[in-house]
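These are the residues of each chain, in order.
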Amino acid sequence: MTAPVALADVIGLAGVSLAYSGKAGTVLALDRIDLAARPGEFLAVVGPSGCGKSTLLKLVSGLLAPSAGEVRIEGRPVRGPHASVGVVFQSPLLMPWRTVIENILLPIEIRGERTANYAAAARQLIELVGLGGFADRHPYELSGGMQQRVGLCRALVTDPPLLLMDEPFGALDAMTREQMNAELQRIWMERQKTVLLITHSITEAVYLADRVLVMSPRPGRIIEEVPISLPRPRSLGMTETVEFAQLANQVRRALNAAGGID
Ligand SMILES: Nc1ncnc2c1ncn2[C@@H]1O[C@H](COP(=O)(O)OP(=O)(O)OP(=O)(O)O)[C@@H](O)[C@H]1O
Ligand SMILES: [Mg+2]
């Protein structure tokens, strides 16, 4: 038996499994996942490499269809890629010949809408992420962290209610990553999105999330949910507190218990 999906949930997965089939056989990547995200909730998913985190994100974004179970977004079954989500990938995947603002407006072009109608929103986002003055620069003129912020703007430009992020800050140095974490919290609080963040960083997960979901090694299952009730806005200084360390340890213990990390 799987939990019923509530209509009010932004994301609802019930009994979702995903098997990849290839010439060499079948790989069960995800095994009976139940997951629900309420409107405005910030969820972080942690788990060992290869446990199916990216697969989970592809199911929610509609890029993959489940082998079993059901995926719903805003109460409706997902049948393919849909407009309710913005996706931020591990690498920003910017087009080098386009300027910052042209990259940000790409999803609008893909949707066949007039970019002029979104130019003001794009410029506002550029300011919001601290890239004021860089709208007409090209990606090679930006640092890695700045490029990642352009990727974030591109995901936000259609103002989707749901933001999916797959290790978005994994390639950044520790200090830039902390800055991006603080920025993401600010944007999330300001814009009231529902967020599903995949990360390898326990600190990042605890700092940002309302709930941290811990996955087992493949085939991925959700083995523990750690609620994070630290007050908001959270400061980076909070990561040094005893409460924070206790929560981080709880996540780490769950990962260890499943044989995820030592
Ligand atoms: N297109 C594919 N075809 C076949 N198998 C795949 C495919 N994509 C992923 N897999 C397998 O499914 C499992 C889960 O992959 P996935 O990319 O979801 O893991 P992940 O948790 O995101 O890992 P990482 O932390 O390294 O990014 C892996 O064991 C992988 O071998
Ligand atoms: Mg992955």
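Residues numbered from 1 in each chain as written. Chains lettered and ligands numbered in written order. Predicted model: local features only at pLDDT ≥ 70, side-chain atom pairs only at ≥ 80, totals over all residues.

J.: Explanation requested: the sheet that holds strand S1 (residues 11-22) in the structure shown.
T.: Hydrogen bonds between backbone groups are what pair the strands of a sheet, and the pairing can be parallel or antiparallel. As summarised here, the arrangement of the four strands in space is S2-S1-S4-S5, forming an open sheet in which the pairing is antiparallel. Where the open sheet ends on each side, the last strands, each with one partner, are strand S2 (25-37) and strand S5 (76-77). The pairing of S1 with strand S4 (residues 68-73) spans five bridges and is antiparallel. When the bridges of S4 are listed, Ala14 appears paired with Glu70. (Pairing = 2+ DSSP bridges. Helix = DSSP H or I, 4+ residues; strand = E, 2+ residues; numbered from the N terminus.)

J.: Would you explain the site of ligand 1 in this entry?
T.: In the vicinity of ligand 1, 13 residues are found, and the nearest of them are Tyr20, Ser49, Lys53, Ser54 and Thr55. Counting only elements with at least two residues in the shell around ligand 1, the list comes to S1, S2 and helix H1 (53-61). Top contributing element to the shell around ligand 1 by residue count: H1, with three residues. A per-class count over the shell around ligand 1 returns four nonpolar, seven polar and two charged. (Near = placed C-beta within 6 Å. Nonpolar A, V, L, I, M, F, W, Y, C, P; charged D, E, K, R; others polar.)

J.: When you look at the nonpolar core in this model, what are you seeing that I'm missing?
T.: One recurring pattern in soluble globular proteins: nonpolar side chains tend to sit buried together. Membership of the largest hydrophobic core comes to 71 residues, with the highest contact counts inside it found for Leu43, Cys153, Leu196, Val206, Ala209, Val212 and Val251. Residues in contact with Leu43, not counting those within four places in the same chain, are Ala37, Val195, Leu196, Leu197, Ala209, Asp210, Arg211 and Leu213. (Core = buried A, V, L, I, M, F, W, Y, C linked by C-beta atoms within 7 Å. Buried ≥ 20, exposed ≤ 12 C-beta atoms within 10 Å, placed from the backbone. Contact = placed C-beta atoms within 7 Å.)

J.: Which parts of the structure should I look at to understand helix H4 (residues 119-128)?
T.: Given 3.6 residues per turn, any residue in an α-helix points the same way as the ones three and four places further on. Along H4, the positions that sit buried rather than exposed are Ala122, Leu125 and Ile126. With its buried residues spanning 105° around the axis, H4 presents them on a single face. Along H4, the residues that are exposed and aim more than 90 degrees away from the buried face are Ala120, Gln124 and Glu127. In this fold, the buried residues of H4 make contact with helix H2 (100-104) and helix H5 (144-156). Looking one or two residues past H4, Gly130 carries a phi angle of roughly 80°, positive in sign. (Arc of directions from axis to C-beta.)

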